[in-house]
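The lines below spell out each chain.
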Amino acid sequence: MDFYGYPRPDGKVGARNYVALIPATGCVNAVAFHLEKMIRGTKAISHDQGCLHPPADTEQVTRTLINLGKNPNIAAALVIGLGCEMVQAEKVYEGIKESGKPVDLVAVHELGGMFETISKGAQIVTEMVVTTSGIKREKAGLDKLVFGTKCGSSDTTSGLSSNLVVGEVCRLMTENGGIFIQGEICDIMGGEYALKKLSVDQQQGEKIVDLVRDLYLRGVAVGADVRGSQMTAGNVAGGLTTLVEKALGANAKGGNVPIQGTLDYAELPKGPGRYIMNFPGHGFENLTGSAAGGAIVHLFTTGRGAPNGNPILPTVKICGNSRTNISMKEHIDVDVSSVIDETETIEEAGQRLYEYAIEVANGKLTRAEILNFDSRMEILIKGPVM
Amino acid sequence: MTNYAKLLHEKDKVATAVADLASGDGVTVKFAGEETEYKCNQDIPFGHKIAIVDIQKGEKVIKYGEAIGTALQDIKKGDWVHTHNLKDDYKVLDKEGNALPGQED
């Protein structure tokens with residue numbers, strides 16, 4: 001199966017062709033929302049960050065917004081500033097510009113309020129849509145595919161079917177030169193040494209263990225043993241006995257594919273293969289991190305049925321629970337309960353999911369997109385919020 | 001209808017039931033094109049583990065090809081494996097291999 005995507009000036013290839021409306025601070029989300037409603041082909045990348053951060057978070061939010069603008073699913077971007085925020089709109093604008101895509105900047109204080117900003121922004125964005133909506137999909141190599149992954153609203157079937165099937169997709173797509181981004185440090189906890197063993201460079205592998213240590217110690221700082229919060233009563237009732245067992249089931253989304261290295265939150269991978277990004281399990285920040293890392297499709301496994309997507313990242317829901325596949329039908333894209341029933345092997349289901357994900361990259365809509373269950377997102381911060 | 005348990009790795013000592021199994025039930029494990037039959041020594045609910053070999057007390061229990069914990073007692077082939085006979089001995093370790101603070105057994 002071939003991949004047909006939108007070519008970008010930096011050589012990357014997109015699965016979607018949006019004009020992004022990017023507030024530098026959550027204070028001006030309203031401008032992005034109004035413009036999104038007014039102008040077809042646009043996507044508001046709303047978030048609640050951008051100000052009163054410690055420097056590390058200001059840097060992280062800035063990097064995230066730049067790399068979201070650089071995501072290949074974005075054809076052009078309008079950065080919207082207020083004028084007093086810590087995350088400088090100018091810096092976000094300059095960062096996105098490096099990609100060679102059309103990008104512009106408006107600021108609410110400078111223009112004197114929302115009406116003027118919307119008026120100017122609408123004119124800019126309209127011309128961007130006129131220009132970029134004419135971009136044609138072209139045949140691209142399978143090495144241009146970048147997939148992210150996560151599991152959410154998981155159950156017993158996740159570690160026995162859907163995660164293993166995604167692991168097979170990881171193998172297939174990285175063999176073809178693609179990039180695969182995994183993370184959820186909370187879920188890796190217990191399985192960090194197994195991932196270290198898969199690392200091509202043991203120093204990079206030790207960084208995976210460091211990410212787990214860091215998360216654990218941040219829990220201790222607020223009086224929590226986060227190991228305990230990872231093993232729930234529901235997990236135990238469902239048959240999971242130990243945290244390592246749970247973690248190995250989550251790790252399975254990357255199979256036994258060698259790991260090239262770790263990525264900071266929202267950092268771009270430097271080459272092909274499988275990476276571990278420092279993103280959390282929480283869906284809103286997770287999907288944003290994946291999109292900022294350059295993912296054009298996200299493979300989201302679920303057992304009980306997690307409906308959420310992301311504004312710019314088509315999110316494929318994969319489920320191995322035959323009951324959920326009926327009760328949550330409108331939210332599930334790919335049914336892999338066949339793996340539980342032993343009517344399909346993991347390899348066969350993996351090939352089927354790989355082809356489905358390429359179809360989505362080629363324009364087929366995910367259910368989260370069709371249902372408009374994808375308008376919310378958030379950017380990870382460490383805090384404290386001032 | 002055949003009852004199945006899933007085996008995930010060739011080194012594994014447990015398989016996971018994908019049907020509610022009763023004591024005395026037969027259960028089939030499909031792996032690498034071969035089918036092996038086991039007999040349940042206790043009731044084993046969907047998603048729970050069955051030992052496919054005898055496991056000694058103190059021995060590591062293997063699933064996904066990795067040690068997931070330690071057997072608290074001798075476990076017989078066909079036994080239900082869960083919190084009553086499998087101990088979670090995971091701790092977050094520092095670079096020297098010592099447990100970081102705040103982790104009780």
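Residues numbered from 1 in each chain as written. Chains lettered and ligands numbered in written order. Predicted model: local features only at pLDDT ≥ 70, side-chain atom pairs only at ≥ 80, totals over all residues.

**Things to note about the overall build of chain B**
Consideration 1: Per the secondary structure count, chain B includes zero helices and nine strands.
Consideration 2: Going from N to C terminus, chain B has its helices and strands arranged as β-β-β-β-β-β-β-β-β.
Consideration 3: In terms of overall dimensions, chain B has a C-alpha envelope of 50 × 25 × 20 Å along the principal axes.
Consideration 4: Taken across its 105 residues, chain B has 37% of its residues classed as buried. (Helix = DSSP H or I, 4+ residues; strand = E, 2+ residues; numbered from the N terminus. Buried ≥ 20, exposed ≤ 12 C-beta atoms within 10 Å, placed from the backbone.)

**As for the nonpolar core**
Consideration 1: Judged by nonpolar contacts, the single largest core of 137 residues is most densely connected at Ile22, Val79 and Ala357 of chain A together with Ile50 of chain B.
Consideration 2: It is helix 16 (residues 346-361) of chain A that provides the largest number of residues to this core, a total of nine residues.
Consideration 3: Inspection of this core shows a minimum of three residues originating in each of domain 1 (18-132) and domain 2 (142-370) of chain A.
Consideration 4: Discounting residues that sit within four places of it in the chain, Val79 of chain A has contacts with Ile22, Ala24, Ala89, Val92, Tyr93, Val103 and Leu105 of chain A. (Core = buried A, V, L, I, M, F, W, Y, C linked by C-beta atoms within 7 Å. Domains from an automatic or database assignment. Contact = placed C-beta atoms within 7 Å.)

**With respect to the interface of chain A and chain B**
Consideration 1: Listed as interface residues are 23 residues of chain A and, on the opposing side, 25 residues of chain B.
Consideration 2: Broken down by secondary-structure element, the contributors of at least two residues to the side of chain A that touches chain B are helix 9 (202-221) and helix 12 (243-251) of chain A.
Consideration 3: At five residues, helix 9 of chain A tops the list of elements feeding residues into the side of chain A that touches chain B.

**Regarding the domain arrangement of chain A**
Residue and element names in this part refer to chain A.
Consideration 1: By the assigned domains, chain A splits into domain 1 (18-132) and domain 2 (142-370).
Consideration 2: Taking the mean C-alpha position of each, domain 1 and domain 2 sit 29 Å from one another.
Consideration 3: With 14 residues of domain 1 at the interface, the matching set in domain 2 holds 11 residues.
Consideration 4: Of all the elements in the fold, those that place two or more residues in the side of domain 1 that touches domain 2 are strand 3 (18-23), strand 4 (42-44) and helix 2 (55-70).
Consideration 5: In terms of residues, the side of domain 1 that touches domain 2 owes the most to one element, helix 2, which gives five residues.
Consideration 6: The residue makeup of the side of domain 1 that touches domain 2, split by class, is seven nonpolar, five polar and two charged. (Nonpolar A, V, L, I, M, F, W, Y, C, P; charged D, E, K, R; others polar.)

**Regarding the packing of helix 1 (residues 29-38) of chain A against helix 5 (residues 114-132) of chain A**
Residue and element names in this part refer to chain A.
Consideration 1: One can describe the packing of helix 1 onto helix 5 by two numbers: an axis separation of 10 Å at closest approach and a directional angle of 45°. Considering the angle they form, helix 1 stands oblique to helix 5. The two elements helix 1 and helix 5 cross, and the hand of that crossing is right-handed. In this structure, helix 1 uses Ala30, Val31, His34, Leu35 and Met38 to contact helix 5, whose residues at the interface are Met114, Thr117, Ile118, Gly121, Ala122 and Val125.
Consideration 2: Considering only residue class, the contact of helix 1 with helix 5 consists of eight nonpolar, three polar and no charged. (Axes fitted to C-alpha atoms, helices over the stretch in contact; angles between N-to-C directions. Parallel < 35°, antiparallel > 145°, perpendicular 65-115°, else oblique. Left-handed = near helix turned anticlockwise from the far one by under 90°.)

**A word on the pairing of strand 12 (residues 297-302) of chain A**
Two faces, one strand: in a regular strand the side chains alternate between the faces of the sheet.
All names here are of chain A.
Consideration 1: In terms of residue burial, strand 12 counts as a mostly covered element, since six of its six residues are buried.
Consideration 2: Of the two faces of strand 12, the one carrying Val297, Leu299 and Thr301 and the one carrying His298, Phe300 and Thr302 are both buried.
Consideration 3: Relative to strand 12, strand 8 (residues 146-151) is paired through five bridges, and the arrangement is parallel. Following the sheet pairing, Cys151 is matched in strand 12 by Thr301.
Consideration 4: Where strand 12 meets strand 13 (residues 315-319), five bridges bridge the pair, whose relative direction is parallel. (Pairing = 2+ DSSP bridges.)

**Topic: the pairing of strand 6 (residues 103-107) of chain A**
Residue and element names in this part refer to chain A.
Consideration 1: Here five bridges tie strand 5 (residues 74-81) to strand 6, and the two strands are oriented parallel to one another. Of the residues in strand 6, the one forming a bridge with Ile80 is Val106.
Consideration 2: As for the winding sense of the linkage, the β-α-β connection from strand 5 through helix 3 (residues 89-97) to strand 6 is right-handed. (Right-handed = clockwise from strand over helix to strand, strands pointing away.)

**Remarks on the sheet that holds strand 8 of chain A**
Residues and elements named next belong to chain A.
Consideration 1: The sheet built from seven strands is open, its strands ordered 10-11-9-8-12-13-14 with parallel pairing. Two strands bound the open sheet, and with one partner strand each, they are strand 10 (259-263) and strand 14 (334-335).
Consideration 2: The sheet contact formed by strand 13 and strand 14 spans two bridges and is parallel. The partner of Ile318 across the bridge, within strand 14, is Val334.
Consideration 3: On top of the sheet, helix 9 reaches strand 10 and strand 11 (273-277); it is set at about 45° to strand 10, its chief contact.

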